[in-house]
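# Coordinates in review
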Amino acid sequence: MRKSAELQTYDLSLLNCSLEKWSRSAALRTVYADIFAEMRAHLVSGNILEVGSGIGMARAYFPGLVTSDVVATEFVDLAVSAYSVPEQNWNNIIAIDMLHHLQEPLRFLESAAKALAPGGRIVLAEPAGTWWGCHFYRWFHHEPCRPNDVQPPFSFKSDADGGFANMGIGYALFEREREVTAGLLKSRQLNLVRVGYRDFLAYPATGGFSRSALFPANVMRALLAVERMVPQFVMRRLGLRMIVVLEKGRSA
């Protein structure tokens, strides 16, 4: 399938490297399993579409999940643009680390809203451009985290290499510009249900998809248990990841 400039959002050649790290790192799988469990707790009954599935790692954690990505690969069920989500009355649409690659994130949310059944939910897991998140990602991640660059109307130019990423998009949209975003979402029949923060110890200790884990899986489980005791007002400063829950109005 031809890769159009509009659809291409990241380097697909990285998928095999990600699969290798995922396969050999029990620590990484442990932390993502916890992220997926939190996302799953916010879903409603019914079918689930994932947009931007990458290597399809969520498939084992969401029964009946339909996976998709910008082009057809061996890892996904469908080739789907984030801007043209198939309108099949989905009960749930999920995306993990996808939104911050989009030059027009609200266009995706509008497309997803049209594809949702009334009462359906969009659940997003995104990097968080918190105080600690901005510092951490600047030091340890190759993608920029610049929430201050995210301003209305929330449409961005591509990078010099033709790609795009800003890990601060989620924080800017759903925290700093929450009132503006909520108003724009209402016109798309979406309500912002919840924004939660997590991950300041365990995820860095996994090494992500580029470095070796510092601790085995059992230590990761202990770190995750400690993180769950930290109140949200603290995690709003320290969290490296956010879980965003949107719901389509039932009268839509």
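The text that follows walks through the structure, step by step, so that each part is easy to find.

Scoring rules and cut-offs
Residues numbered from 1 in each chain as written. Predicted model: local features only at pLDDT ≥ 70, side-chain atom pairs only at ≥ 80, totals over all residues. Heavy atoms only, no water. Helix = DSSP H or I, 4+ residues; strand = E, 2+ residues; numbered from the N terminus. Rg over C-alpha atoms; globule rule 2.2 N^0.38 Å. Buried < 20%, exposed > 50% of the residue type's maximum accessible area, 1.4 Å probe, protein only. Contact = heavy atoms within 4.5 Å. Areas by Shrake-Rupley, 256 points an atom, 1.4 Å probe, with all protein chains shown as cover. Lys, Arg positive; Asp, Glu negative; His and termini not counted. Charge placed at Lys NZ, Arg CZ, Asp CG, Glu CD. Axes fitted to C-alpha atoms, helices over the stretch in contact; angles between N-to-C directions. Parallel < 35°, antiparallel > 145°, perpendicular 65-115°, else oblique. Core = buried A, V, L, I, M, F, W, Y, C linked by side-chain atoms within 4.5 Å. Arc of directions from axis to C-beta. Pairing = 2+ DSSP bridges.

## A short note on the overall build of the protein chain
Of regular secondary structure, the protein chain possesses nine helices and seven strands. Over its C-alpha trace the protein chain gives a radius of gyration of 17 Å, about what one expects of a compact globule, namely 18 Å for 252 residues. Judged by the C-alpha coordinates and their principal axes, the protein chain covers about 45 × 40 × 40 Å. Buried positions account for 53% of the 252 residues belonging to the protein chain. Expressed as a percentage of contacts within the protein chain between residues at least 6 apart in sequence, the contacts between residues at least 24 apart total 72%. Roughly 11,500 Å² of accessible area belongs to the protein chain as shown, and the carbon and sulfur atoms make up 53% of that amount. The distance from the centre of the 27 positive side-chain charges to the centre of the 24 negative ones in the protein chain is 4 Å.

## Thoughts on the packing of helix α1 (residues 15–24) against helix α2 (residues 26–40)
At a minimum axis separation of 5 Å, α1 and α2 run at an interaxial angle of 95 degrees. With respect to α2, the axis of α1 lies roughly perpendicular. Residue-level inspection shows K21, W22, S23 and R24 of α1 in contact with α2, the latter providing A26, L28, R29, Y32 and F36.

## A few points about the nonpolar core
Inside soluble globular proteins, nonpolar side chains tend to come together where they are buried. Ranked by size, the top nonpolar core spans 38 residues in total, and within it I93, F108, L109, I122, L124 and F174 carry the most contacts. When contributions to this core are tallied by element, the ones reaching two or more residues are β4 (90–96), α3 (105–115), β5 (116–127), α5 (169–176), β6 (190–198) and β7 (241–248). Broken down by element, this core gets its largest block of residues, six residues, from α3. The contacts of F108, once residues within four sequence positions are left out, are V51, A82, Y83, V85, M98, L99, L102 and L124. In terms of nonpolar packing, the next biggest core, distinct from the first, is built from 33 residues, W22, L65, V76 and I243 among them.

## Points about α1
Of all the residues in α1, the buried ones are L15, S18, K21 and W22. Along the long axis of α1, the arc covered by the buried residues comes to 125 degrees, so they all point the same way. Away from the buried face of α1 by more than 90 degrees, exposed residues N16, E20 and R24 are located. At its buried positions, α1 is contacted by α2 and α7 (202–206).

## As for the pairing of β7
Judged by how many residues are buried, β7 sits mostly within the fold: eight of eight residues are covered. Of the two faces of β7, the one carrying R241, I243, V245 and E247 and the one carrying M242, V244, L246 and K248 are both buried. The pairing of β5 with β7 spans seven bridges and is antiparallel. Bridge pairing in β7 places P127 opposite R241. Where β6 meets β7, eight bridges bridge the pair, whose relative direction is antiparallel. Counterpart to R194 in the pairing with β7 is V245.

In short, the description is geometric, and any link to function would need to be established separately.
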